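# Descriptive structure summary
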Amino acid sequence: MLKWALIFLVISIIAGFLGFSGVSAATATIAKVLFFLALFVFLIFLVLAFMAGSLVF
């Protein structure tokens, strides 16, 4: 998921450089959403890992 966010970010930068502001804004929004979704999933798994670690004792 983070890989796709980076791909959309690169597409956004290239589109912005070439003057396609609509495409650049759309792909930047998609990249932002994917990045925060990946961050949210990471935090969930981090909390689950800490909870699983505390169950060992």
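Just above sits the structure.
Residues numbered from 1 in each chain as written. Predicted model: local features only at pLDDT ≥ 70, side-chain atom pairs only at ≥ 80, totals over all residues. Heavy atoms only, no water.

### Comments concerning the packing of helix 1 (residues 2-18) against helix 2 (residues 21-54)
In the contact formed by helix 1 and helix 2, the axes pass within 8 Å of each other and the chain directions differ by 160°. Between helix 1 and helix 2, the interaxial angle falls into the category roughly antiparallel. The two elements helix 1 and helix 2 cross, and the hand of that crossing is left-handed. Contacts between helix 1 and helix 2 pair Leu 2, Trp 4, Ala 5, Phe 8, Leu 9, Ile 11, Ser 12, Ala 15 and Gly 16 from the former with Val 23, Ser 24, Thr 27, Ala 28, Ile 30, Ala 31, Leu 34, Phe 35 and Ala 38 from the latter. Of the residues in the contact of helix 1 with helix 2, the class split is 14 nonpolar, 4 polar and no charged. (Axes fitted to C-alpha atoms, helices over the stretch in contact; angles between N-to-C directions. Helix = DSSP H or I, 4+ residues; strand = E, 2+ residues; numbered from the N terminus. Parallel < 35°, antiparallel > 145°, perpendicular 65-115°, else oblique. Left-handed = near helix turned anticlockwise from the far one by under 90°. Contact = heavy atoms within 4.5 Å. Nonpolar A, V, L, I, M, F, W, Y, C, P; charged D, E, K, R; others polar.)

### Brief notes about the side chain of Ser 12
Inspection of the secondary structure assignment puts Ser 12 in helix 1. From its side chain, Ser 12 meets the backbone oxygen of Ser 24 in a polar contact 2.9 Å long. Ignoring sequence-local partners within four residues, the contact set of Ser 12 consists of Ser 24, Thr 27 and Ala 28. (Polar contact = N/O pair within 3.5 Å; in protein donor to acceptor, adjacent residues only side chain to side chain.)

### Side note on helix 2
Think of an α-helix as 3.6 residues a turn; residues three or four steps apart then line up on the same face. The end-to-end C-alpha distance of helix 2 is 49 Å, a good match for the 50 Å that 34 residues give at a rise of 1.5 Å each. Those residues of helix 2 lying buried are Ser 24, Thr 27, Ala 31, Leu 34 and Ala 38. Of the surrounding elements, those touching the buried residues of helix 2 are helix 1. (Expected span 1.5 Å × (residues − 1). Buried < 20%, exposed > 50% of the residue type's maximum accessible area, 1.4 Å probe, protein only.)

### Observations regarding the packing of aromatic side chains
For the structure on display, the rule yields 2 aromatic pairs. With centroids separated by 5.3 Å and ring planes inclined at 65°, the aromatic side chains of Phe 35 and Phe 36 adopt a geometry described as edge-to-face. Owing to a relative accessible area of 39%, Phe 35 belongs among the partly exposed residues under this scheme. Residue class for Phe 36 comes out partly exposed when judged on its relative accessible area of 48%. (Phe/Tyr/Trp six-rings, centres within 6.5 Å; stacked < 30°, edge-to-face > 60°.)

### So, the side chain of Thr 27
Its place among the elements puts Thr 27 in helix 2. Within the local environment of Thr 27, its side chain forms a polar contact with the backbone nitrogen of Ser 12, the two atoms lying 3.5 Å apart. For Thr 27, the side chain forms a polar contact with the main-chain oxygen of Ser 24, separated by 3.2 Å. In this structure Thr 27 touches Phe 8, Ile 11 and Ser 12, once residues within four positions along its chain are discounted.

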